[in-house]
Amino acid sequence: ELRAHVGKALPDYMIPAYFVQIERIPLTSNGKVDRKALPKPDRSMSTGAVYEAPRNEMEEKLAIILQDVLGIGQVGVQDNFFELGGHSLRATRVVNQIEVKTGVRLPLKAIFAAPTVRLLAREVEQAKVKAYIPIPQALEQEAYPMSSAQMRLYLINQMDDVGIAYNMPAGIEIYGSLDMERMKYALEQLTIRHEALRTSFHMLDGEPVQKIAQEVELELKYEERITEKM
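In this text, all values refer to a predicted model and were calculated from it rather than measured experimentally. (Residues numbered from 1 in each chain as written. Predicted model: local features only at pLDDT ≥ 70, side-chain atom pairs only at ≥ 80, totals over all residues. Heavy atoms only, no water.)

(A) Region of interest: the overall build of the protein. Along the protein, the regular secondary structure elements total seven helices and three strands. Starting at the N terminus, the α and β elements of the protein follow one another as α-α-α-α-α-β-α-α-β-β. Taking 230 residues into account, the globule formula puts the C-alpha radius of gyration at 17 Å, and the protein, at 28 Å, lies well above it. Counting only C-alpha atoms and orienting by the principal axes, one finds that the protein spans roughly 70 × 60 × 30 Å. Taken over 230 residues, the protein has a buried fraction of 24%. Accessible surface, the protein: about 18,400 Å² in total, of which carbon and sulfur atoms supply 53%. (Helix = DSSP H or I, 4+ residues; strand = E, 2+ residues; numbered from the N terminus. Rg over C-alpha atoms; globule rule 2.2 N^0.38 Å. Buried < 20%, exposed > 50% of the residue type's maximum accessible area, 1.4 Å probe, protein only. Areas by Shrake-Rupley, 256 points an atom, 1.4 Å probe, with all protein chains shown as cover.)

Have a look at this one:
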């Protein structure tokens, strides 16, 4: 009844996920609501809808997706996603998981228009199926073609002496004791982990390419300054 009443003035996604009845609103010494003293809502509480189990494989997949995203144990086909604690960020995760599990990419607004498993199943079945294809890992080779953006900047750099126009410098002042060896080790680990930090650009047989070094020697330049305390 409360949801129906509030729903007359608010859209579905703004209706509170939980309603908790309390005897008295706790206040701080300043007369403000003491939020820390408010009882936490029971995530296992019923939303008022009678539980209905999934009827087919699609509804079962969607129910599991909603359970995982919401972090609850059971979702019926008639349970409302937003009444169970869903919001726009969680709806985005639902859309992504639906694509992974079913190969169908739904628009985000579909979750708001069809917030139950039963309605979502209809949306998925009616949508045009597109296979979910993860980005494959490139085979290891001596050189790789540049992207169009990389090629553009590389050619500009070769034709015009742009100097450091495209550099993104940043300065960091560190006060106190600093272990340079540990600092260097941390940066070396970053270069080992991220191939982009080991990538260089070259001309090979007249074509601009990028090469990824297996390892690079990190040269760490620094200067020490002694500042007087005020």
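(B) Expanded view of the sheet that holds strand 3 (residues 207-212). Taken together, three strands build an open sheet; the order of strands is 1-3-2 and the sheet is antiparallel. Bordering the open sheet on either side are strand 1 (144-145) and strand 2 (199-204), each of which pairs with just one other strand. Bridging between strand 1 and strand 3 involves two bridges; their strand directions are antiparallel. Within the sheet, the bridge partner assigned to proline 145 lies in strand 3 and is valine 209. Strand contacts of helix 6 (residues 148-159): strand 2 and strand 3, with the helix running at about 70° to strand 2, the strand carrying the most contacts. (Pairing = 2+ DSSP bridges. Contact = heavy atoms within 4.5 Å. Axes fitted to C-alpha atoms, helices over the stretch in contact; angles between N-to-C directions.)

(C) Fine view of the environment of glutamine 137. For glutamine 137, the position within the fold is in the loop between helix 5 (117-126) and strand 1. A sequence separation of 32 residues divides glutamine 137 from arginine 105, and the C-alpha atoms of the two residues are 23 Å apart.

(D) Structural detail: helix 5. Inspection of helix 5 places Val117, Arg118, Leu120, Ala121 and Val124 among the buried residues, and these make up the whole buried set. Along the axis of helix 5, the buried residues cluster in a sector spanning 160°; they form a single face. (Arc of directions from axis to C-beta.)

(E) Representation of the pairing of strand 2 within the structure. Here strand 2 runs beside strand 3; their pairing, made up of six bridges, is antiparallel. In the sheet register, histidine 202 faces strand 3, and the bridge partner there is valine 209. The turn linking strand 2 back onto strand 3 is made up of two residues, and aspartate 205 within it adopts a positive phi angle of 55°.

(F) Looking closely at the layout of surface pockets. Space inside the second largest pocket adds up to approximately 330 Å³. Along the walls of the second largest pocket sit 14 residues, with Ala138, Glu140, Tyr144, Glu195 and Ile212 positioned nearest its centre. Class assignment of the residues belonging to the lining of the second largest pocket gives a composition of five nonpolar, five polar and four charged. (1 Å grid on protein atoms, 1.4 Å probe; cavity = no way out; pocket = protein on both sides within 12 Å on 5 of 7 lines; lining within 4 Å. Points joined across faces, edges and corners; volume = space filled by probe spheres on them. Nonpolar A, V, L, I, M, F, W, Y, C, P; charged D, E, K, R; others polar.)

(G) Seen up close, the pattern of salt bridges. Overall, the coordinates contain six salt bridges when judged by the stated rule. In this structure, glutamate 59 engages arginine 55 in a salt bridge whose closest nitrogen and oxygen atoms are separated by 2.8 Å. One salt-bridge network, held together by shared partners, links Glu52, Arg55, Glu59 and Arg118. (Salt bridge = Lys/Arg side-chain N within 4 Å of Asp/Glu carboxyl O.)

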